[in-house]
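# Chains, contacts and geometry: an overview
As a plain string of letters, each chain reads:
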Amino acid sequence: MAHSIQFQGAARTVTGTKHLLRVGTKQILLDCGSFQGARELRDRNWEPFNFDPGEIDAVVLSHAHQDHIGMLPKLVKDGYRGPIYCTKATRGLCAISLPDSGRIQEEDAYHANKRGSRHQPALPLYTEQDAYAVMKQLKTVPYHQFIDLPGGVKFRYFSSGHILGSAFIELYFENGQKLVFSGDLGRYDTPIIKDPEVMDFAEFLVIESTYGDKLHPTVNPEDMLAEVIHEAVDRHSALLVPSFAIGRTQELLYHLRRLQLANRIPRIPIYVDSPMATSTSDLYGRSNEEWDDEMSLMVQQDFDPIEPEGLQYVRDRNMSKALNVQQGPMVVIAGSGMANGGRIQHHLLHRLSDPDVQVLFTGYQATETLGRRLLDGADRVWIFGNEVEVRAKISRLTSLSAHADQGELMRWLSGFKSAPKKTFIVHGEPEVQDIFAAKLRTELGWEVAIPEHMEEFSLDI
Ligand SMILES: [Zn+2]
């Protein structure tokens, strides 16, 4: 039987993960993510899949970020009827984020048509209804338990420590060879969720490299959070935090709670202005099988680790609008994390020109997003067709990444007792991948490839 892997996304870029395994006549898709960021990448989402969805035999998901699951509704709409394997928490997150994504696309298409779109009529990539159709095909799988796939393949999940439900995948072919797909690797000793588990061997390794070139700053995020909150109190102003609904928001709430417990910050209103973050926080609070020891202990002691005092979830759109004119001090946490969509854009539109306002970014900002432009120091930006002068103080909490940095990637790789036959570096910007590849070649002496988009490699070596 012939074995191969083809990289149909996240090749020389950080989004759009879709790795297609071919085992004889069977096809197994690892993740089905959407491309994000630059328009030329996003345009790929609109092209037909580079395979026939009806011919795929199984889909295995690593975790529920859009760049790993975002194309599932289109996959199903275009004819995929087989199982989509995932962990229980990943299913929970899919149920929250996929319909939301469909709804946003329908709204965007509606507004584009009202404005007069370059496409007539503008259509959503998929609808909320398409997203619900995916849910019927999701099959939840416990960690560590082998599951049979077509072609004599079997796989199991290990915790990857990235977000709730995130896993790396250990997959055995019928010939006994093993492929490990890292998914996205998280960090060690982060709040709420477990650390990445150890993997000690694979013939073939597919590893992400988002931060393969650098080390995250070791600054304590709580120090910086305390500082910006005190500044908001002194200036009676708003602290706007563009935040990813899944994971990052809960981590922020956890740190705010700890700061309160240590009496390091005064009690001020904290608004989470995102229906999706609200549902996600609820899921984090219920997924006790995902918690690390510290989180479990805090829950046992009744500390509500992700519910700081003064917290209010804003579901209602009118209440969200009311926040635009509310006097600080207050914290407004709203999506999206890169400020290229979501309610945070309304808050930025209303407050960016106020020099007393602070904007605190909490994660990676892709090129061509509003977040990247603000962090790069733009003095004017366009939001909803309005030119806005940027006078607010812009900063970034660099230490809150959900991705392993170079040292943590190397730490995880140090679990390997021998070199894989081949290591494929995916999910990184080209310059970063080159640096990471060079490190693996020189320090570990490993055989490394950096796949190009759509490049296919034989695994019969
Ligand atoms: Zn991810």
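Keep in mind that this is a model prediction, so the values were computed, not measured.

### A short note on the domain arrangement of the protein chain
By a frequent convention, interface size equals the accessible area lost on bringing the separate parts together. The domains assigned to the protein chain are domain 1 (3-214 + 402-458) and domain 2 (221-400). Put simply, the middle of domain 1 and the middle of domain 2, counted by C-alpha atoms, are 27 Å apart. Taken together, the contacts link 27 residues of domain 1 with 25 residues of domain 2. The contact between domain 1 and domain 2 buries some 2300 Å² in all, and 60% of this surface belongs to carbon and sulfur atoms. When the area that domain 1 buries against domain 2 is broken down by residue, the three leading residues are Ile96, Leu164 and Ile192, summing to 30%.

### A closer look at the pairing of strand E11 (residues 204-208)
Along E11, five of the five residues are buried, which leaves the element largely enclosed by surrounding structure. Here E11 shows two buried faces, one formed by Phe204, Val206 and Glu208 and the other by Leu205 and Ile207. Examined bridge by bridge, strand E10 (residues 178-181) and E11 share three bridges and lie parallel to one another. Counterpart to valine 180 in the pairing with E11 is leucine 205. Here E11 pairs with strand E20 (residues 422-426) via five bridges, running parallel. The residue bridging leucine 205 from the neighbouring strand is threonine 423, located in E20.

### Describing the coordination of the zinc ion
Those donors, His63 (NE2), His65 (ND1), His162 (NE2) and Asp184 (OD), are the protein atoms that reach the zinc ion, and they lie 2.2 to 2.3 Å from it. Relative to the metal, the four donor atoms surrounding the zinc ion lie at angles of 89 to 166°, and the coordination shape comes out irregular. A relative accessible area of 0% places histidine 63 in the buried class.

### Structural notes on the state of the cysteines
Taken as a whole, this structure holds zero disulfides when the rule is applied. You can see cysteine 32 has no disulfide; the closest cysteine sulfur is in cysteine 94, sitting 11 Å from it. With no disulfide of its own, cysteine 86 has cysteine 94 as its nearest cysteine by sulfur position, at a separation of 5.7 Å. Owing to a relative accessible area of 0%, cysteine 86 belongs among the buried residues under this scheme.

### Concerning the nonpolar core
Ranked by size, the top nonpolar core spans 94 residues in total, and within it Leu72, Phe155, Tyr157 and Leu179 carry the most contacts. Two domains each provide a minimum of three residues to this core, namely domain 1 (3-214 + 402-458) and domain 2 (221-400).

### Here's the deal with the packing of helix H7 (residues 248-261) against helix H8 (residues 275-286)
Where H7 meets H8, the closest approach of the two axes is 9 Å, and the angle between their N-to-C directions is 70°. It follows that H7 is roughly perpendicular to H8 by the angle criterion. Of the two possible hands of crossing, H7 and H8 adopt the one that is right-handed. Side by side, H7 and H8 meet where Thr249, Gln250 and Leu253 of the first sit next to Ala277, Thr280, Ser281 and Tyr284 of the second.

### Comments concerning the side chain of glutamine 260
Positionally, glutamine 260 belongs in helix H7. Overall, the relative accessible area of 11% leaves glutamine 260 in the buried class. What glutamine 260 contacts, discounting residues up to four positions off in sequence, is Ile265, Ile270, Pro308 and Glu309.

### Section: the sheet that holds strand E2 (residues 19-23)
Ordered by their spatial adjacency, seven strands build an open sheet running E6-E5-E4-E3-E2-E1-E22, and the pairing between neighbours is mixed. Each edge of the open sheet is held by one strand with a lone partner, namely strand E6 (138-140) and strand E22 (456-458). Across this sheet, the average inter-strand angle for adjacent strands is 25°, counted without regard to direction. Looking at chain direction, strand E1 (residues 3-7) and E22 are connected through three bridges and run antiparallel. Paired with isoleucine 5 across the two strands is phenylalanine 457, which belongs to E22. Along the sheet face, helix H4 (residues 88-115) touches strand E5 (84-86) and E6 and points at about 150° away from the line of E6.

Conventions we followed
Residues numbered from 1 in each chain as written. Predicted model: local features only at pLDDT ≥ 70, side-chain atom pairs only at ≥ 80, totals over all residues. Heavy atoms only, no water. Domains from an automatic or database assignment. Contact = heavy atoms within 4.5 Å. Buried area = accessible area lost by both parts, 1.4 Å probe. Buried < 20%, exposed > 50% of the residue type's maximum accessible area, 1.4 Å probe, protein only. Helix = DSSP H or I, 4+ residues; strand = E, 2+ residues; numbered from the N terminus. Pairing = 2+ DSSP bridges. Donors = N, O, S within 2.8 Å, 3.2 Å for Na, K, Ca; no water. Tetrahedral: all angles 85-135°; square planar, octahedral: opposite > 155°, others 65-115°. Disulfide = S-S within 2.5 Å. Core = buried A, V, L, I, M, F, W, Y, C linked by side-chain atoms within 4.5 Å. Axes fitted to C-alpha atoms, helices over the stretch in contact; angles between N-to-C directions. Parallel < 35°, antiparallel > 145°, perpendicular 65-115°, else oblique. Left-handed = near helix turned anticlockwise from the far one by under 90°.

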